[in-house]
Amino acid sequence: MRIDIITVSPELIKSPFEFSIIKRAIDKNLVEVYFHDLREYALNEYGKIDDYQFGGGAGMVLMIEPIDKCISKLKGERTYDEIIYMTPDAPTLNQQTANTLSLNENMIILCGHYKGVDQRVRELLITKEISIGDYVLSGGELGAAVLCDTIIRLIPGVLGDETSALTDSFQDDLLSPPVYTRPSEYNDLKVPKVLLSGNFPKIEEWRNEQAFERTKKIRPDLLED
Ligand code: ADE
């Protein structure tokens, strides 16, 4: 998989790719991630990439020309499965979307900034819009990092068997059951007996029950379908 991220703040988004599971995925060549500074496609030598909105109103809007130049250059080099725009006014990211996107070869992610992008970018260039939640961030960079993390960990070979993504919360529309490690007793709190029993069918049954009960209590909306 290859991911090209277009941003006005490359330094802001780089560090999540430099640690832990995501770094190892990059080191193992399971994914390539490239950062493109939108200012390199600016309209003039002063780095102009945004302007006031027509009709008045606070906040600058990213212009279509620099974005089009950058995306056209990338599209001239390879075919992209999706060109994604990170924005709060879009469908919310969930595990199903991450699963689907993890099957793609090449993706571009455009990070919004300031007041967003000229609407014509969204109509002409973007194939999918994603929000990471019902709140407004200062830009799309943190959202893009979240999206990339959730996609990259699903690429075969990125997680070992022991951390398989198939047992993650949400993969079966349920939250994960609780987990415990040593010591088996801490102050008055004991690890549930069944987990120490060695009876694996019983343990599986207990985990399924716990996952269901937790979901019912914390996220009943997940059970509605
Ligand atoms: N940019 C600003 N807020 C955002 C959000 N909630 N999700 C994705 N991109 C954003």
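Look up a bit, the structure's there.
Below you will find a few notes about this structure. Here the structure is a predicted model, which means the values were calculated and not measured. (Residues numbered from 1 in each chain as written. Predicted model: local features only at pLDDT ≥ 70, side-chain atom pairs only at ≥ 80, totals over all residues. Heavy atoms only, no water.)

### Topic: the overall build of the protein chain
Reasoning step 1: The helix and strand inventory of the protein chain stands at eight helices and nine strands.
Reasoning step 2: Taken against the 2.2 N^0.38 rule, which gives 17 Å for 225 residues, the C-alpha radius of gyration of the protein chain at 22 Å runs more than 25% over that of a compact globule.
Reasoning step 3: In terms of principal-axis extent, the alpha carbons of the protein chain reach across some 70 × 40 × 35 Å.
Reasoning step 4: Across the 225 residues of the protein chain, 40% fall into the buried class.
Reasoning step 5: Considering only intrachain contacts with a sequence separation of at least 6, the fraction spanning at least 24 residues in the protein chain is 75%.
Reasoning step 6: About 13,800 Å² of surface is accessible on the protein chain, with carbon and sulfur atoms providing 51% of the total.
Reasoning step 7: Separation of charge centres in the protein chain, based on 25 positive and 37 negative side chains, amounts to 4 Å. (Helix = DSSP H or I, 4+ residues; strand = E, 2+ residues; numbered from the N terminus. Rg over C-alpha atoms; globule rule 2.2 N^0.38 Å. Buried < 20%, exposed > 50% of the residue type's maximum accessible area, 1.4 Å probe, protein only. Contact = heavy atoms within 4.5 Å. Areas by Shrake-Rupley, 256 points an atom, 1.4 Å probe, with all protein chains shown as cover. Lys, Arg positive; Asp, Glu negative; His and termini not counted. Charge placed at Lys NZ, Arg CZ, Asp CG, Glu CD.)

### Observations concerning the nonpolar core
Reasoning step 1: Among the nonpolar cores identified, the biggest contains 25 residues, and Ile5, Ile109, Leu147 and Ile152 are the most heavily contacted of them.
Reasoning step 2: Of all the elements in the fold, those that place two or more residues in this core are β1 (2-7), α2 (20-27), β5 (82-86), β6 (106-111) and α6 (141-152).
Reasoning step 3: Counting residues in each nonpolar core, the second largest holds 21 residues, with Ala42, Ile67, Tyr80 and Val121 among its members. (Core = buried A, V, L, I, M, F, W, Y, C linked by side-chain atoms within 4.5 Å.)

### A closer look at the side chain of glutamate 82
Reasoning step 1: Here glutamate 82 is to be found in strand β5.
Reasoning step 2: Buried and without a salt bridge, glutamate 82 has lysine 128 as its closest oppositely charged side chain, separated by 5.1 Å.
Reasoning step 3: A distance of 2.6 Å separates the side chain of glutamate 82 from the side chain of threonine 127, its partner in a polar contact.
Reasoning step 4: Other than its neighbours up to four places away in sequence, glutamate 82 contacts Leu101, Asn104, Asn106, Met107, Ile108, Thr127 and Lys128. (Salt bridge = Lys/Arg side-chain N within 4 Å of Asp/Glu carboxyl O. Polar contact = N/O pair within 3.5 Å; in protein donor to acceptor, adjacent residues only side chain to side chain.)

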